[in-house]
Amino acid sequence: MRATGSSWWARQDQRTHLVRGAAGTSVALVVALALGSGTPVVADELDDRKSALENEVAEVQQSMEYLDADIAETIGALRTYQGQLPAAQQSLADAQGRVETAADDVGALAVRVDLAQETKTKITEELRADRQEMDETREVIGQIATEAYKNGGVPTNVSLLLGADGVEDFTRSMDMVDQAMRSQNAAMARLSEQNATNANSQARLIAVEAEIAKLKERADAALAAEQSARDAAAGEKAKVDRLVADTSALSAKLQEQKPVIEAELAGIEKAQQQVNADIAERQRRQIEEARKAEEARQKAEQERLRAEAEAAAAAEEARRRADAEAAAAAETARRAAEAEAANKPAPAPVQPQAVAPVAPVIPDPPAAAPSTPTAFGLRSPVGAPISSGFGWRPTPVGTIDFNGTGGYVHTGIDYGVGCGTPLYAPAAGEVWYADSDVLPGAGNRIVLNHGVVGGNNHGVVGGNALATNYYHLTDYVVSVGQRVSAGQLIGYTGTTGNSQGCHLHFETMLNGTLVDPLGLLGS
């Protein structure tokens, strides 16, 4: 029995070892194939991890918004699988731990069962020996009783005295009777002791057999738990294997498409650069025209101020000359009156005092009031939260760096809005572009030029030229050359072009450079 039990336990231990080995191999394979890195996640963190993973996927898809939809979806799926791998690895490790725990329980129970079986064997052997001793004791007692029966029972002292041939014979007879009685009493006492020992051994045997039954019941439960743990580990290993296979397949697919994607990105970048260069050139001309207009205005203002200053100087000089002539005439009259009173001849007329020329004082024309880009009064084109900001984005871990630069610049901000949301002009301006699929991947777009002042749309405020771009629209309701006022409906948001979901991509180009719209938006 014992050998059979040990062999059974050994087979279970061997099966556990095989499961552990397979699980360890799978984990090693995951580490070797995973393209992204991640920290294993425990169960109570899975909800947070899921939310963060969804945000990562959304960020990847938004970052690839100018790629074809199927490629962007492939990249998103790749990132999803990579995000799920750490949790799957952790689940596999947990399942492996449960297998080890269950196997340890089975092993511990096996030892206890073996010990209980040894105790049972020992007690059984003791009982057999006790029964043999009791049989021998009973045989001795039986012999004593037989001898006494043959001799007519145990003789009394009187019978011994009457039947004795003398004192010595009587004494010898008494010693023999006493020895027989002591042997019988000893045998009876030993038999009583053996009965007590036997009863105790029987009680111990019953207790051991009950313990063995309990241990076997627990062993059966432990074996079932181990089997369940092995099944769970096998299931988790299958999940990890599927994730590894899916991740490897998607990575291989993207690697195969990499030359096509890089060429497509290069074409898109070139088209974007051209569009941005066209807008920048128009803004450069605007700024140059505004500068020349400002110079002409200042020159005209300076000429006006000069003419006014010269006219004022001439008037002042004429006034001073008139004053000098009036003073000379008055002095001539006074002298003539004195000469007439003194009956003297009239003196010669007094010559007016020479008047120095008056130099015109020409003031400097007033300088233009200082201005900042916020002077455009830009407001948010939609009432929605920003789902993706402006600026540098490193290539998401585990994805392919198609540009070879380690990342990309998100040239605007994204508003998380549903398709068909009304889009309003953030400031007064003129429609420069309203078209579809002219810019690869942009879908329906609008470009507004801002800077309408006093009804004149020269596009420059405080020396700054500003244009705003709107991509992926469902539709636009304005046309090129149309002037719009702040808050006027210009279109509806959507997901046209290479877009992975409804949103608005909003850009601001200031003086020929794309800048963060948040630095221009007012309250």
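Below or above, wherever it landed, is the structure these notes cover. All figures in this text were calculated on a predicted structure; none of them were measured in a lab.

**A short note on the environment of glutamate 281**
Then step 1. The residue glutamate 281 is located in helix α5 (residues 167-341) in this model.
Then step 2. With a relative accessible area of 30%, glutamate 281 lands in the partly exposed category.
Then step 3. Note: C-alpha distance between glutamate 281 and glycine 512 (231 residues apart in sequence) is 7.2 Å.

**Side note on the side chain of arginine 445**
Then step 1. Position of arginine 445 relative to the elements: it lies in strand β7 (residues 444-450).
Then step 2. The exposure class of arginine 445 is buried, given its relative accessible area of 2%.
Then step 3. A distance of 2.8 Å separates polar atoms of two side chains, one belonging to arginine 445 and the other to aspartate 435.
Then step 4. Arginine 445 has contacts with Val275, Tyr433, Ala434, Asp435, Val438, Tyr470, Tyr471, Leu473 and Tyr476, leaving out every residue within four places of it along the chain.

**What about the sheet that holds strand β14 (residues 489-492)?**
Then step 1. Within the open sheet, the three strands sit side by side as β5-β14-β12. Their pairing is antiparallel. Sheet topology places β5 (422-424) and β12 (475-476) at the edges, where each strand pairs with a single neighbour.
Then step 2. Both β5 and β14 contribute to a ladder of three bridges, which runs antiparallel. Note that in β14 the partner of leucine 423 across the bridge is glycine 491.

What counts and what doesn't
Residues numbered from 1 in each chain as written. Predicted model: local features only at pLDDT ≥ 70, side-chain atom pairs only at ≥ 80, totals over all residues. Heavy atoms only, no water. Helix = DSSP H or I, 4+ residues; strand = E, 2+ residues; numbered from the N terminus. Buried < 20%, exposed > 50% of the residue type's maximum accessible area, 1.4 Å probe, protein only. Polar contact = N/O pair within 3.5 Å; in protein donor to acceptor, adjacent residues only side chain to side chain. Contact = heavy atoms within 4.5 Å. Pairing = 2+ DSSP bridges.

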